[in-house]
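# Remarks on the overall topology
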Amino acid sequence: MRKHRPKIKTVNWILGIISVIVFVFVLFPPFMLFLTSIKTNLDALRFPPVWIFQPVFTNYGEIFHLVPFARNLTNSLIVATVSTLVALLVGSMAAYGLTRFRFRRAKDLSFWILSIRMTPPVAAVIPIFILLRNLRLLDTQLSLIIAYCTFNIPFAVWLLRSFFQEIPREIEESALVDGCSSFATFFRIALPLVAPGMAATGIFTFIFSWNEFLFALIMTGTRAQTVPVVLTGFIRETGIMWSHMAAAGVLAMAPMILFTALVQKNLVKGLTMGAIK
Amino acid sequence: MMKRNLEKFAPLLFIGPAVFILLFIVIFPMVYSWALSFAEWNLMRGGDWRFVGLRNYAQALLHDPHFYTSLRVTLIYVILAVGIQFLLGLVIALLLNRPLKRVGFLRTVLVIPTTMTPVVVGIIWRLLYNPELGTINYFLSLFGFRPLSWLGDPSLALPSVIMADIWQWTPFMALILLAGLQALPREPYEASVVDGATTLQTFRLITFPLLLPTIIVALLLRIMDAFKIFDLIFILTGGGPGMTTEVLSFYTYRFGFKFFHMGRAAAMSLLLFAILFVITQIFLKYYRAGEER
């Protein structure tokens, strides 16, 4: 045992060094973005980059005047929240139905729903654009909520299915025997039991919707524009407004990072369940 | 009585809403897209569809060298990005697969890039790559290297975009593989210790085969996403310089929303879908074969 000790120590050292490299690699780029966001435009354009400077926070205020950032944030928030709620409600019901009722072709139906998620967005965006144009819904929050159903509902069904499968059947059967309808059983018994699954699914659909770019780029104009689209507006003919774009970028990613830190456990569980099952 | 009737339709009522919504927003548009791919229709000039049969497909497949250029760019992108993410992710997962203190914190850090808006990731890397004020050239200059035009140089642009993709998705790969590793049974390892197997043997004969289903799913997920890559290209290079970073989805986007050739764009997007479908099927076949073993 004694002989092994130095070896373990070396291994731990190497591991430590590699971990540090990985974390510097992961954290350095967003750190640079933050640094740029608290520089004046003059400092941001300086080369070699200045590391010690008088930090300013005016960029964060100014972006609300340069672009309708408050509206963009509101749009992103509404679109992400509503499409998450829709995906959770519709998705959990479908997932429950698919795991609990025996019927022909249930497997095919599940696979069909999953295969929708494989559709490249650029293939879906053309017909959905035309559909929403004909419905006169372009440039509304509703258009994005509808479009995001294409990936959020299949994802929610698929992820929640694995959570429902884990509930022992006996619990629900006794409820049914007691005279509960399947709806009451679903809402009062099954749904509370998959609360962690619902949380993980909700977090993911929220992140997907918050981050989505292609649909938002094509289907919104000024009114319903979301945060990712307005970020590209800081790239102008006259040059890139680095410090302002960085500030807006920080505001776009901050809620997600905060969110992630708070729900880290559910997130990793959901991530891996969704991936592996 | 009412209740009994409702109960009879319960499966329909549970699954119906999802299927109805998906039919409306996916199947209907898909069919529309199919129809559109056989027609010529310019969104700007308005007017009616003109049925042109297979011409849109023929043009893409037979008369458009750019289509193959973008297909090649896409394939290089997918293979390099996902390949490197997988190798690095596997190494990180194997390193982290031990009872470490503060593993929760490490995971939180690892999950950050994954949850970040690809547009913000693009902005960050554009900042780092900037030839005049970018941090990467600054660090290179400290070691005496001359500055490079990372996104402007035709031979560097694609690798630079791939680098950003690797930054964003390697941690995701590592997290999935780590979860797979932690779900593996303990017994085969105990046996291998008794048999005196080396670390490499243990990995090759036990870990790798047991982890294979997870590996296939992780690769499949990333390959599907990498094939669809759009945001990162949009922000970093816009497909340039030349066509060196023009991936299929970006090329299709240009046909549809810059040139407004909706029919041609629809045909190309269906070709992209077909390619993805074939790849997915191959992977799923291996996955099922792996599960049955």
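If you're wondering where the values come from, they're calculated on a predicted model, not measured in any experiment.

Reading the values: rules and limits
- Residues numbered from 1 in each chain as written.
- Chains lettered and ligands numbered in written order.
- Predicted model: local features only at pLDDT ≥ 70, side-chain atom pairs only at ≥ 80, totals over all residues.
- Heavy atoms only, no water.
- Core = buried A, V, L, I, M, F, W, Y, C linked by side-chain atoms within 4.5 Å.
- Buried < 20%, exposed > 50% of the residue type's maximum accessible area, 1.4 Å probe, protein only.
- Helix = DSSP H or I, 4+ residues; strand = E, 2+ residues; numbered from the N terminus.
- Contact = heavy atoms within 4.5 Å.
- Salt bridge = Lys/Arg side-chain N within 4 Å of Asp/Glu carboxyl O.
- pLDDT = per-residue confidence, 0-100.
- 1 Å grid on protein atoms, 1.4 Å probe; cavity = no way out; pocket = protein on both sides within 12 Å on 5 of 7 lines; lining within 4 Å.
- Points joined across faces, edges and corners; volume = space filled by probe spheres on them.
- Nonpolar A, V, L, I, M, F, W, Y, C, P; charged D, E, K, R; others polar.
- Axes fitted to C-alpha atoms, helices over the stretch in contact; angles between N-to-C directions.
- Parallel < 35°, antiparallel > 145°, perpendicular 65-115°, else oblique.

### Observations concerning the nonpolar core
The nonpolar side chains of a soluble globular protein tend to be buried, and buried together. Counting residues in each nonpolar core, the largest one holds 189 residues, and the members touching the most others are Phe164 and Phe215 of chain A. In terms of residue count, helix H8 (residues 154-182) of chain B provides more of this core than any other element does, 16 residues in total. If sequence neighbours within four positions are ignored, Phe164 of chain A has contacts with Ser92, Ala95, Tyr96, Thr99, Arg100, Phe186, Ala190, Leu191 and Val194 of chain A.

### Examining the pattern of salt bridges
Residue and element names in this part refer to chain B. Throughout the structure, instances matching the rule amount to eight salt bridges over all chains. Arg222 is paired through a salt bridge with Asp165; the nearest N and O atoms lie 3.1 Å apart. Taken together, the residues Arg222 in helix H10 (residues 199-227) and Asp165 in helix H8 connect sequence positions 57 residues apart. Of the charged contacts, one joins Asp225 and Arg222 as a salt bridge, the two residues approaching to 3.7 Å between their closest N and O atoms. Remark: Arg222 and Asp225 occur in helix H10; sequence separation between them is three residues, near one turn of the helix.

### A word on the confidence of the model for chain A
Across chain A, the average pLDDT comes to 84, with 93% of residues at or above 70. At the low end of the mean pLDDT range in chain A sits helix H14 (residues 264-276) of chain A, at 63; at the high end sits helix H12 (residues 227-231) of chain A, at 94.

### Section: the environment of Ala58 of chain B
Residue and element names in this part refer to chain B. Checked against the element boundaries, Ala58 lands in helix H3 (residues 55-62). For Ala58, a relative accessible area of 27% puts it in the partly exposed group. Along the primary structure Ala58 and Leu156 are separated by 98 residues, whereas in three dimensions their C-alpha atoms are 32 Å apart.

### Describing unusual backbone geometry
At the junction of Gly240 of chain B and Pro241 of chain B, the peptide bond is cis and its omega measures out at -10 degrees in the coordinates. Inspection of the secondary structure puts Pro241 of chain B in the loop between helix H11 (231-236) and helix H12 (248-257). One non-glycine residue, Arg136 of chain A, lies in the positive phi region at around 55 degrees. In this fold, Arg136 of chain A is placed in the loop between helix H6 (121-134) and helix H7 (141-165). With relative accessibility at 75%, the residue Arg136 of chain A sits in the exposed group. Its identity as a non-glycine residue notwithstanding, Phe260 of chain B has a phi of 60 degrees, on the positive side.

### Comments concerning the side chain of Asn130 of chain B
With respect to the helices and strands, the residue Asn130 of chain B is situated in the loop between helix H6 (118-129) and helix H7 (135-142). Setting aside residues no more than four positions away along its own chain, Asn130 of chain B makes contact with Trp242 of chain A together with Asn137 of chain B.

### What to know about empty space enclosed by the protein
Per the stated rule, a full pass over the model turns up one cavity of 30 Å³ or more. The volume enclosed by the largest cavity comes to roughly 80 Å³. Around the largest cavity sit Met32, Thr36, Lys39, Asp43, Ala44, Arg46 and Pro49 of chain A together with Leu127, Leu133 and Thr135 of chain B, which together line it. In terms of residue class, the lining of the largest cavity is made up of five nonpolar, two polar and three charged.

### Section: the packing of helix H9 (residues 182-193) of chain A against helix H10 (residues 195-211) of chain A
Residues and elements named next belong to chain A. Where H9 contacts H10, the axes come no closer than 4 Å and their chain directions differ by 70 degrees. Taken together, the axes of H9 and H10 are roughly perpendicular relative to one another. Each of Leu191, Pro192 and Leu193 in H9 lies in contact with H10, whose residues at this interface are Ala195, Pro196 and Met198. Across the contact of H9 with H10, the residue classes tally to six nonpolar, no polar and no charged.

### Thoughts on the layout of surface pockets
Taken as a whole, the second largest pocket encloses approximately 1100 Å³ of empty space. Considering the residues around the second largest pocket, the lining is formed by 24 residues, among which Asn97, Arg98, Tyr189, Thr199 and Thr202 of chain B are closest to the centre. Those elements that provide at least two residues to the lining of the second largest pocket are helix H1 (5-37) of chain A together with helix H4 (65-96), H8, helix H9 (187-195) and H10 of chain B. In terms of residue count, the dominant contributor to the lining of the second largest pocket is H10 of chain B (five residues). Here the lining of the second largest pocket is composed, by residue class, of 12 nonpolar, eight polar and four charged.

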